[in-house]
Amino acid sequence: MALHVTIVEDEEPLALMLRYNLEAEGYRVDTIERGDEAEIRLRETVPDLLLLDWMLPGISGIELCRRLRQREATRSLPIIMLTARGEESERVRGLATGADDYVVKPFSLPELMARVRAILRRAKPDLIATVLKAGDLELDRETHRVRRAGRELHLGPTEFKLLEFLMQSPGRVFSRAQMLDGVWGRDIYVDERTVDVHVGRLRKALGRGRDPIRTVRGSGYSFDEEFAGAGAA
Ligand code: CA
C-alpha cells in the first residue's frame, strides 16, 4: 500500500514539482492550496505525512499546525513545514508549534526527499524500506553500503545517490534533466553530460556481470526492470 502524502502549498509550480517527485518515489499524493480547506479535508482523511507551507491563504501553516496538534486524530501526524523565512527565531517558532521538521525555501529536492523518508521511517518503520534490493544488488540507505552478490562495492557519494535514485523506480526512464534534479538538486548548475560521466563511473563500480542500468537512446537512463526481477541470478 502506497504511503499517502498531503501537500498544502499555494505556490502551484512548487506543489506540482513536489507532487511529481513524490509520486515518482511511489507515494500517493494530494495537494491543497488553502489552509482553511486543508483543515476541513484533514478532518476527513489523515495522510501519513503532511508537507505544510508556512504562508497560506485562509489560515496560515503555523496556525493549522497548532490546530492539528490539538486534535486526537492528527496529534502525531508527521508534519514538515516549508518556510521561506530563514530567521532562527522563526524556525524555532515553527518547531514550537509542533512540526516535526522544517525546510527553508528554496530547498534542495534531494534533501527534502531524504527528510520525508527519514520522518516516515521513524513513523512507519515497517513501510519504508531501508534496504533496496534488485537482482544481486543491495543498497542500504542508512549505512550507505552497496553489495553485489554479497560483496561490498565502493561507490562515490554521487554514484551512491544515482544508484539509489534509479533503484527506487525500476523500469522508469529518467531524462538527464530529471536525474540532475533528483540527484544533484535544482539549485546546483551542472551540465547534463555530468550525468553520463557519473553513470559511467557507477557502471564501473558495479563491476562485471549484468549491467542493471539501461541507456535509453534519445531519452536517458533507467534501472532495468528485468534485472530487478532477476533474483540472485
Ligand atoms: Ca505560500
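Residues numbered from 1 in each chain as written. Predicted model: local features only at pLDDT ≥ 70, side-chain atom pairs only at ≥ 80, totals over all residues. Heavy atoms only, no water.

J.: Would you explain the coordination of the calcium ion in this entry?
T.: Metal coordination angles have textbook ideals: 109.5 degrees for a tetrahedral set of four donors and 90 or 180 degrees for an octahedral set of six. For the calcium ion, the protein coordination sphere consists of Asp10 (OD), Asp53 (OD) and Met55 (O), at 2.1 to 2.3 Å. One chain supplies every donor to the calcium ion, and in sequence these donors are spaced D-x42-D-x1-M. We classify Asp53 as buried; its relative accessible area is 3%. (Donors = N, O, S within 2.8 Å, 3.2 Å for Na, K, Ca; no water. Buried < 20%, exposed > 50% of the residue type's maximum accessible area, 1.4 Å probe, protein only.)

J.: Is there a simple way to explain the sheet that holds strand E9 (residues 151-153) in this structure?
T.: In spatial order, the strands read E6-E7-E8-E9; together these four strands make up an open sheet with antiparallel pairing. At either end of the open sheet lies a strand with only one pairing partner, and these are strand E6 (131-134) and E9. Neighbour-to-neighbour, the strand axes of the sheet open up by a mean angle of 25°, direction not taken into account. By the bridge criterion, four bridges tie strand E7 (residues 137-140) to strand E8 (residues 145-148) in an arrangement that is antiparallel. For Asp140, the partnering residue across the bridge sits in E8 and is Arg145. Seen against the sheet, helix H6 (residues 157-168) touches E6, E7 and E8 and runs at an angle of roughly 110° to E7. (Pairing = 2+ DSSP bridges. Helix = DSSP H or I, 4+ residues; strand = E, 2+ residues; numbered from the N terminus. Axes fitted to C-alpha atoms, helices over the stretch in contact; angles between N-to-C directions. Contact = heavy atoms within 4.5 Å.)

J.: Please explain the pairing of strand E12 (residues 220-223) as it appears in this structure.
T.: Across a regular strand the side chains alternate sides, sitting on one face of the sheet and then on the other. Where strand E10 (residues 173-175) meets E12, three bridges bridge the pair, whose relative direction is antiparallel. Opposite Ser175, over in E12, you have Gly220 as the bridge partner. Pairing analysis gives four bridges linking strand E11 (residues 213-216) to E12, with the strands arranged antiparallel. Paired with Arg214 across the strands is Ser222, a residue of E12.

J.: Hey, could you run me through the domain arrangement of the protein in this one?
T.: Many authors give the size of an interface as the accessible area that is lost as the parts come together. Domain boundaries in the protein define domain 1 (4-123) and domain 2 (131-228). Between domain 1 and domain 2, the C-alpha centre-to-centre distance is 29 Å. The interface of domain 1 with domain 2 comprises ten residues on the first partner and 14 residues on the second. Inspection of the region where domain 1 meets domain 2 yields two salt bridges. Arg121 is the partner of Glu142 in a salt bridge, and the nearest nitrogen-oxygen pair spans 3.3 Å. Between domain 1 and domain 2 we count seven residue pairs in polar contact (both at pLDDT 80 or more) in total. Elements with a contribution of two residues or more to the side of domain 1 that touches domain 2: helix H1 (12-24) and helix H5 (109-123). No other element matches the four residues that H5 contributes to the side of domain 1 that touches domain 2. Looking at the side of domain 1 that touches domain 2 residue by residue, the classes come out as six nonpolar, one polar and three charged. (Domains from an automatic or database assignment. Salt bridge = Lys/Arg side-chain N within 4 Å of Asp/Glu carboxyl O. Polar contact = N/O pair within 3.5 Å; in protein donor to acceptor, adjacent residues only side chain to side chain. Nonpolar A, V, L, I, M, F, W, Y, C, P; charged D, E, K, R; others polar.)

J.: It is not clear to me how the pattern of salt bridges should be interpreted in this structure. Could you clarify?
T.: Two side chains that carry opposite charge are able to pair once their charged atoms sit near each other. In total, this model carries 25 salt bridges according to the counting rule given. One salt bridge connects Glu63 with Arg67, and the closest N-O pair in it is separated by 2.8 Å. Of this pair, Glu63 and Arg67 both sit in helix H3 (residues 61-70), separated by four residues, roughly a single helical turn. Each of the salt bridges in this network shares a partner with another, and the network as a whole consists of Glu39, Arg43, Glu63, Arg66 and Arg67.

J.: Any chance you could explain the packing of helix H7 (residues 176-184) against helix H8 (residues 193-206) here in plain terms?
T.: The relative placement of two packed helices comes down to the angle between their axes together with the axis-to-axis distance. Direction vectors running N to C along H7 and H8 enclose 70°, while the axes themselves pass 9 Å from each other. Classified by the angle their axes make, H7 and H8 are roughly perpendicular. Facing Arg176, Met179, Leu180 and Trp184 of H7, the residues of H8 in contact are Thr194, Val195, Asp196, His198 and Val199. Classifying every residue of the contact of H7 with H8 gives five nonpolar, two polar and two charged. (Parallel < 35°, antiparallel > 145°, perpendicular 65-115°, else oblique.)

J.: How do you make sense of the sheet that holds E12 when you look at a structure like this?
T.: Across a sheet, paired strands are connected by hydrogen bonds in the backbone, their directions being either parallel or antiparallel. Overall, antiparallel pairing links the three strands, which are arranged E10-E12-E11 in an open sheet. Each edge of the open sheet carries a strand with a single partner, namely E10 and E11. Within the sheet, the average angular offset between the axes of one strand and its neighbour, ignoring direction, is 30°. Most of the contacts of H7 go to E10, to which it runs at about 85°, and overall it touches E10 and E12. Packing against the sheet, H8 makes contact with E11 and E12, and its axis sits at approximately 150° to E11.

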